[in-house]
Amino acid sequence: MTVTASASAARPRPVQTWLAIWACALAAVLIVFLLQESLPWAVNYPAGAIVPVADWVGALMNWVKSNFSWLTRSITAVLGVPLDFALALLAKNFKIGHGADMIVLPRLSWVGVCAAAYLAGRAAGGWKLGALAGGCFLYIALFGQWTSAMLTLGLISIAVPFCIVTGLFAGIWAWRKPWAERLLISPALDLMQTIPTFAYLIPMLLLFGNSPVSAMIATAIFATPPMVRATMLGLSRVPSEIDDFSEMAGCTARQKLWRVLLPSARPTLMVGVNQVIMLALNMVIIASMIGAGGLGYDVLLALRALKVGEAMEAGLAIVALAIALDRLSQAIAHNHAKGNVRHQASTSFWRRYPNLALAVAILAVATLLGLFVPAFAAVPKAITFTTAPLWKAAVNWITINFFDTIEAFRVALILNVLNPVRAFCEGFPWLGAVCLLGLAGYQLGGLRLAALVAALTAFCAVTGLWEKTMATVYLCGISAFVACLIGIPIGLMASRSDRFEKTVTPVIDTLQVLPSFCFIIPVVMLFRVGDVTAMIATVAFAVVPAIRYTNHGIRQVPPALIEAAKVSGCTRRQTFFRVQLPLALPEIMLGVNQTILMALAMIIICAMVGTRDLGQEVFIALSKADSGRGIVAGLAIAFIGIVADRLFNAWTAKARARLGYSPE
C-alpha cells in the first residue's frame, strides 16, 4: 500500500509537465496557422522543394522491366501452368490440339462440385455445415454465377497453397533468427499489410501484364503475412516441456521442427490458413481489374454501368463463396485444435477418408455424365433465375418514396460534418502535424518512435501528397470514429448479456467474411457516389474489430477481481465502470487500432465511388499504368497506417504496464 501511495503521489508531476508541453506545442501550431501569410512554407509544403520520388520509382520499375523481362516472362510461364490447369478444371474446359483436330474435355461438373462441397462440410462439421457449404455452391449455380465463381475459385486454389508454403518457411526462418524477424520480416509484413490492395496491382500490371498470373501474384503477396505471423506465434507458444522432451528423445533439429514443434502449433497454423483464404478471396476480387476475371470483374462492370441488380447478384455470389470457404476452413482448424484428426495407416484409403473418396467418385461420375448429358456439364438456363429486376425495383421504390429523407441526410452530413472536418484537416500545417505526431511518439515510446513517426509523416509532405494525405486522414478518421461510436457500445452490451452476444455474433461473423466490394454496392444504390457513400461503407466494414475487442476485453477480466469488487460492496454499475472497463481498456484500444487500419484499407477501395484522396491517386495510376505515382501513393497510405499502429500499440503497452500486465 505504501508503494502504491507513493507512486500515485509522484504521478501528477510528469502529467502536468506533459500537459504544459502539449499546450505550448498546440499554441505554436496555432500561431503558425495564424501567420501563414508570413510562414507559408510551414503550412503548405513548398512546390519547389518536392522530392520527385514518384519519378525515381517509375524509372526504377521501367529499368527492371527492360532488363529483367526474361525473368518476368519465365515466372509467368511457370506459374501459368498450374493456374491454367486449375482454371480449365473448374471453369474453362480442357482444349487439346488446334483447329478441326481440337479435343475438348469438360470441366468438373457443377453437380459434382456442389456434392463435394456438401461432403467436405459434413466431414468437417456435420450435416449442418455440409448443408451450408453445399447450399452456397448451389445458390451460385442457380443464380447463373457458376463460371465466374469457378474462375475466382481457380485463382484461389493456386494462390492459397503458395501463400501457405511461403508463409510457413518465412515464419520458421523469423522464429529461428530473431535478427531476421526484427530487421526484415516485421517491417516487410507491416508494409505488406498496410499498403492498399490497389497499389499491389500496379507493379504486377507493369511487370507481368494484364493476365490472371498478375492477379495471382498480387493475391499471393497480399495474403501471405497472416501465415507468417501465425507460424511465428504458433512456434513461440509451443510449451517448453515439449521442446525439452524432443531433445531428450534424441531428435535432430530438423526432426524436432517437422515432427514435434509444427504439429504442436497446428491449431494456430490453421487459424493462419483461414485468414490466408479470406484475404486471398478479397484480393482476387480486387485483382479482377488486371485480368483475373471472375465475380469481381462482374461487380466492377455492373458498378460502372450502374446496373444495380447485376452488381447485387454478383456481390451475393461473392458472399456465398466467402461464407462457404470461411466456415469450412474454420471447422477444419477447430478439428485440428481439438485433435479430432484420425490417422489409421493400417486401413485402406477408402476407409480412412470415406467422404473424400465419395466426393472424388461423384465428381468423376458427374463429369463423365456431362459428356452425354449437357445438364451435368453446365447449369441449364431453365433452372437458373435472376433477382436483378427485383433489386432494381426495390432501389427505385426506396428512391421514389424516401428520396427527400435520404438526400436531406446526405446534404446535412456533407455540410455540417464532412466539409468542416475536411477543411480543417487540409488546412492543418504540415510542419505542425510532423512535430505534434513526433511529440506523441516521444511521449509514448521514446526517441526512436518519435523519429519514425515524424519521418513517415514528413514523407507524405515531401513527395507532394500532403493535401491528398489529409483528405485520406479526414475520411478515415471520421469513419473510424463513427465505427467506434457504434461498435464499442455494442461490444459493451454483448459483454454484459450472453443472449445479446449470441444475437450479435452471427451478424459480425457475416460482416467479417464479406469482401470489401460488397459493402459499396448497397450504399452506392441509395447515396450515389461521393464521400457519404465511402463513409457509410467504411463504417460497416470497420465496425467488427471495435465490437469483438470490446466484448473480449470485458470478458477477459479475471473473475477474482470482480468478486473482490463485489465483496468490497461495489454495485454492478460500479464494478463495471471502476474495475472491468479500466482493465479492459488496453484491449479496447487494440480494437480501435484495428478499426482504424480496416477503415484505411476500405477508404482506398472507395476511390471507385468518387473520393478525392490517396486512393484516387492509386486508382488513376492503375488506369494509366503509372507505377511510380501508384507506388508512392501506396507507400503514403501504408505510412498513415504504420503511424497509427505504432502510436496505438505504444499507448496500449503503457496502459498495460500501468495496470500491472507484463509485456508480451
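Residues numbered from 1 in each chain as written. Predicted model: local features only at pLDDT ≥ 70, side-chain atom pairs only at ≥ 80, totals over all residues. Heavy atoms only, no water.

**Section: the overall build of the protein**
Stage number 1. The helix and strand inventory of the protein stands at 31 helices and two strands.
Stage number 2. For the protein, the C-alpha radius of gyration of 27 Å lies close to 26 Å, the compact-globule estimate for 664 residues.
Stage number 3. C-alpha extents for the protein along the principal axes are approximately 85 × 60 × 60 Å.
Stage number 4. Considering only intrachain contacts with a sequence separation of at least 6, the fraction spanning at least 24 residues in the protein is 79%.
Stage number 5. Of the roughly 33100 Å² of accessible surface on the protein, 67% is carried by carbon and sulfur atoms.
Stage number 6. Here the protein carries 48 positive and 29 negative side-chain charges, and the mean point of each set is 6 Å from the other. (Helix = DSSP H or I, 4+ residues; strand = E, 2+ residues; numbered from the N terminus. Rg over C-alpha atoms; globule rule 2.2 N^0.38 Å. Contact = heavy atoms within 4.5 Å. Areas by Shrake-Rupley, 256 points an atom, 1.4 Å probe, with all protein chains shown as cover. Lys, Arg positive; Asp, Glu negative; His and termini not counted. Charge placed at Lys NZ, Arg CZ, Asp CG, Glu CD.)

**What to know about the nonpolar core**
Stage number 1. Counting 190 residues, the largest nonpolar core has Phe137, Trp146, Met150, Leu201 and Leu321 as its most contacted members.
Stage number 2. In terms of residue count, helix H17 (residues 308–338) provides more of this core than any other element does, 15 residues in total.
Stage number 3. When neighbours within four sequence positions are excluded, Leu201 is seen to be in contact with Ala218, Met283, Ile286, Ala287, Met289, Ile290 and Leu622. (Core = buried A, V, L, I, M, F, W, Y, C linked by side-chain atoms within 4.5 Å. Buried < 20%, exposed > 50% of the residue type's maximum accessible area, 1.4 Å probe, protein only.)

**Section: the pattern of salt bridges**
Stage number 1. In this structure the tally under the stated criterion is eight salt bridges.
Stage number 2. As a salt-bridge pair, Asp498 and Arg555 come within 2.9 Å of each other at their nearest N and O atoms. Of this pair, Asp498 sits in helix H25 (residues 498–513) while Arg555 sits in helix H27 (residues 531–555); the two residues are 57 residues apart in sequence, bridging distant segments of the chain.
Stage number 3. Overall, the relative accessible area of 32% leaves Arg555 in the partly exposed class.
Stage number 4. When the shortest N-O distance is used, the salt bridge between Glu617 and Arg629 registers 3.0 Å. Placement of Glu617 in helix H30 (residues 614–624) and of Arg629 in helix H31 (residues 627–658) is noted, with a sequence separation of 12 residues between them.
Stage number 5. The exposure class assigned to Glu617 is buried, which follows from its relative accessible area of 10%. (Salt bridge = Lys/Arg side-chain N within 4 Å of Asp/Glu carboxyl O.)

**Here's the deal with a nonpolar patch on the surface**
Stage number 1. On the surface, a nonpolar cluster with roughly 580 Å² of combined accessible area is contributed by Leu60, Trp63, Phe68, Trp70, Leu71 and Ile75.
Stage number 2. Elements represented by at least two residues in the nonpolar patch include exactly helix H4 (53–67) and helix H5 (69–92).
Stage number 3. For Ile75, the location among the structural elements is in helix H5.
Stage number 4. On the accessibility criterion, Ile75 (32% relative accessible area) is partly exposed. (Patch = residues over 30% accessible without salt bridge, like charges linked within 9 Å, V, L, I, M, F, W, Y side chains within 5 Å.)

**A word on helix H7 (residues 127–142)**
Stage number 1. End to end, H7 covers 21 Å across 16 residues, agreeing with the expected 22 Å (1.5 Å per residue, within 8%).
Stage number 2. Among all positions of H7, only Leu129, Gly130, Ala133, Gly134, Cys136, Phe137, Ile140 and Ala141 are buried. Down the axis of H7, the buried side of the element spans an arc of 145°, and every buried residue falls inside it. Turned more than 90 degrees away from the buried face of H7 sit Trp127 and Lys128, all of them exposed.
Stage number 3. Residue Gly144 follows H7 closely and has a positive phi angle near 75°. (Expected span 1.5 Å × (residues − 1). Arc of directions from axis to C-beta.)

**Some points on the packing of aromatic side chains**
Stage number 1. Overall, the coordinates contain 14 aromatic pairs when judged by the stated rule.
Stage number 2. Pairing Phe519 with Phe541 gives two aromatic rings, centres 5.3 Å apart and planes at 80°, and the pair type is edge-to-face. One end of the pair, Phe519, is in helix H26 (residues 517–527); the other, Phe541, is in helix H27, and 22 residues separate them in sequence.
Stage number 3. Judged by its relative accessible area of 12%, Phe541 falls in the buried class.
Stage number 4. Members of the aromatic cluster, joined through ring pairs, are Trp63, Phe68 and Trp70.
Stage number 5. If you follow Arg496 out to its NZ or CZ, it ends over the ring of Phe576, 4.5 Å from the centre. (Phe/Tyr/Trp six-rings, centres within 6.5 Å; stacked < 30°, edge-to-face > 60°. Lys NZ or Arg CZ within 6 Å of the ring centre and 35° of its normal.)

**Points about the packing of helix H22 (residues 430–445) against helix H23 (residues 447–462)**
Geometrically, a packed helix pair is captured by the angle between its two axes and the distance between the axes.
Stage number 1. Remark: H22 packs on H23, axes separated minimally by 7 Å, with the N-to-C direction vectors making an angle of 160°. Regarding the angle of H22 to H23, the classification is roughly antiparallel. Like other packed secondary-structure pairs, H22 and H23 cross with a definite hand, here right-handed. Side by side, H22 and H23 meet where Trp430, Val434, Leu437, Gly438, Gly441, Tyr442, Leu444 and Gly445 of the first sit next to Leu447, Leu449, Ala450, Val453, Ala454, Thr457, Ala458 and Ala461 of the second.
Stage number 2. Grouping the amino acids of the contact of H22 with H23 by side-chain chemistry returns 12 nonpolar, four polar and no charged. (Axes fitted to C-alpha atoms, helices over the stretch in contact; angles between N-to-C directions. Parallel < 35°, antiparallel > 145°, perpendicular 65-115°, else oblique. Left-handed = near helix turned anticlockwise from the far one by under 90°. Nonpolar A, V, L, I, M, F, W, Y, C, P; charged D, E, K, R; others polar.)

**Observations regarding a positive patch on the surface**
Stage number 1. A contiguous patch of positive charge on the surface is contributed by Arg496, Lys566, Arg572 and Arg573.
Stage number 2. By the secondary structure assignment, Lys566 is in helix H28 (residues 559–567).

**Focus on the confidence of the model for the protein**
Stage number 1. When pLDDT is averaged along the protein, the result is 83; 94% of the residues meet or exceed 70.
Stage number 2. The weakest mean pLDDT in the protein belongs to helix H1 (residues 2–10) at 40; the strongest belongs to H23 at 93.
Stage number 3. Scored below 50 in pLDDT, residues 1–13 shows zero contacts in the model against residues more than four places distant or in partner chains. (pLDDT = per-residue confidence, 0-100.)

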